[in-house]
Amino acid sequence: MMRRKLLLVLSAAALAFALPAAAQPGKYQAEYRMSTVVGTAFPWGKGGEIWANLVRERTKGRINIKMYPGASLVAGDQTREFTAIRQGVIDLAVGSTINWSPQVKQLNLFSLPFLMPDYAAIDALTQGDVGKDMFKILEKDGVVPLAWGENGFREVTNSKHAIHTPADMKGLKFRVVGSPLFNDIFTALGANPTQMSWADAQPALASGAVDGQENPLSIFTAAKMQTIGQKNVTLWGYVADPLIFVVNKEVWASWTPEDRNIVKEAALEAGRQEIQIARKGLIAPDLSTITDVEKLGVNVVTLSPAEREQFVKATRKVYQKWSKTVGQDLVNKAEKAIAARKKL
Ligand code: X2X
């Protein structure tokens, strides 16, 4: 009897230690840790900053969010971010669908090559039923999703020569992000992909260990990629990664309904603002971000429809293979939503 009691006490103590401080209902932490991959020089980091500031103001400091850019709460390993949010190592995050797709396979939807032809197509997914389905999936997976943001259409860049067709990619070494889907795409195009984190990507590009990479132009300019050899950009818009504003479940449960509402409304507002910042200079008639990149001495290639079609064809098998992983029903729903979209 005594023994059992002791065991119970011991296991309760072990549990208390295992749970992050956040898991105590009604108790507010002095600081909440927010993870992002990039900082406030980038639209993504600005979105996180806007969210944190709105929450701090509106809760009169009850909820004090500190941003940890560089995915530093997971030592830069951005593909472990989602697990860390679930475990409570991270309290809140603004994360890319790409980085969380190793754990949430449906998020690979956004990385199906050439699924989304334009910005209206992204909106048709995130702001429609597909977005709602994704949030239900994320909730089931143990986080509280609140709002969508955007990293952007990921354009391919390299140090060697202009890319017009898949043949131009043959043999080039590319840094790709966490999901094996990207290995499949770049392999299908005849290139040599290597997976690495954002933190490792920059030195690898600078040293010439890899020739190229893919990222939105807002990342290209803020990270000054022209200074690490990236003199060729091709606007192929093959995939775009939305961002998702989330909170750890226990942290969420520890807040009053009033504060939860403030955090949610602030996330929605920060998401809307962040998307505007991310798209700035990238939608006609304002293409100033593209001309700014050209002014840096970078050769920017816009594909003709026939050239683009070659990339679509070359990656079609990858699209089909990964549709099964995502779930064919969800892919069908996404394709329908895109076909019915209202043009921006
Ligand atoms: O690592 C990248 O390429 C970045 C910053 O775009 C993401 O986190 C997906």
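Residues numbered from 1 in each chain as written. Predicted model: local features only at pLDDT ≥ 70, side-chain atom pairs only at ≥ 80, totals over all residues. Heavy atoms only, no water.

1. Remarks on the sheet that holds strand β4 (residues 143-153)
Within a sheet, adjacent strands bond to each other through the backbone by hydrogen bonds, running parallel or antiparallel.
Thinking step 1. With respect to topology, five strands assemble into an open sheet ordered β2-β1-β3-β10-β4, the strand pairing being mixed. Looking at the sheet topology across the chains shown, the edges are occupied by β2 (65-68) and β4. Taken over all neighbouring pairs, the strand axes of this sheet differ in orientation by 20° on average, direction set aside.
Thinking step 2. Running over the sheet, helix α11 (residues 257-279) touches β4 and β10 (240-248) and is turned about 5° from β4. (Pairing = 2+ DSSP bridges. Helix = DSSP H or I, 4+ residues; strand = E, 2+ residues; numbered from the N terminus. Axes fitted to C-alpha atoms, helices over the stretch in contact; angles between N-to-C directions. Contact = heavy atoms within 4.5 Å.)

2. Topic: the site of the ligand
Thinking step 1. All residues in the neighbourhood of the ligand are listed as Val37, Trp44, Gln78, Ser96, Asn99, Asn151, Arg154, Arg175, Val177, Trp198, Asn215 and Asp241.
Thinking step 2. One of the side-chain nitrogen or oxygen atoms of asparagine 99 is found 2.9 Å away from an oxygen atom of the ligand.
Thinking step 3. Contact between the ligand and arginine 175: an oxygen atom at 2.8 Å from a side-chain N or O atom of the residue.
Thinking step 4. When isolated, the ligand has an accessible area of 270 Å², and the protein chains bury 100% of it.
Thinking step 5. Residue composition of the shell around the ligand, grouped by class: four nonpolar, five polar and three charged. (Near = heavy atom within 4 Å. Polar contact = N/O pair within 3.5 Å; in protein donor to acceptor, adjacent residues only side chain to side chain. Areas by Shrake-Rupley, 256 points an atom, 1.4 Å probe, with all protein chains shown as cover. Nonpolar A, V, L, I, M, F, W, Y, C, P; charged D, E, K, R; others polar.)

3. Some details on unusual backbone geometry
Thinking step 1. That bond from alanine 284 to proline 285 is cis: its omega, 5°, falls within 30 degrees of zero.
Thinking step 2. Structurally, the position occupied by proline 285 is in the loop between α11 and α12 (288-295).
Thinking step 3. In the Ramachandran plot, lysine 60 falls in the positive-phi region, its phi being about 50° despite a non-glycine side chain.
Thinking step 4. Tracing the backbone through its elements, the reader meets lysine 60 in the loop between α2 (43-58) and β2.
Thinking step 5. Its identity is not glycine, yet phenylalanine 114 carries a phi of approximately 65°, on the positive side.
Thinking step 6. Looking at where phenylalanine 114 falls in the secondary structure, it is placed in the loop between α4 (97-100) and α5 (119-126).
Thinking step 7. On the basis of relative accessible area, phenylalanine 114 is assigned to the buried category, the value being 11%. (Buried < 20%, exposed > 50% of the residue type's maximum accessible area, 1.4 Å probe, protein only.)

4. Remarks on the packing of helix α7 (residues 180-188) against helix α14 (residues 316-326)
Thinking step 1. At their nearest, the axes of α7 and α14 sit 9 Å apart, and the two run at 160° to each other. Considering their axes alone, α7 and α14 lie roughly antiparallel with respect to each other. You can see that α7 and α14 cross each other, and the crossing is right-handed. Between α7 and α14, the contacting residues are Pro180, Leu181, Asp184, Ile185 and Ala188 on the first element and Val318, Lys321 and Trp322 on the second.
Thinking step 2. Grouping the constituent residues of the contact of α7 with α14 by class yields six nonpolar, no polar and two charged. (Parallel < 35°, antiparallel > 145°, perpendicular 65-115°, else oblique. Left-handed = near helix turned anticlockwise from the far one by under 90°.)

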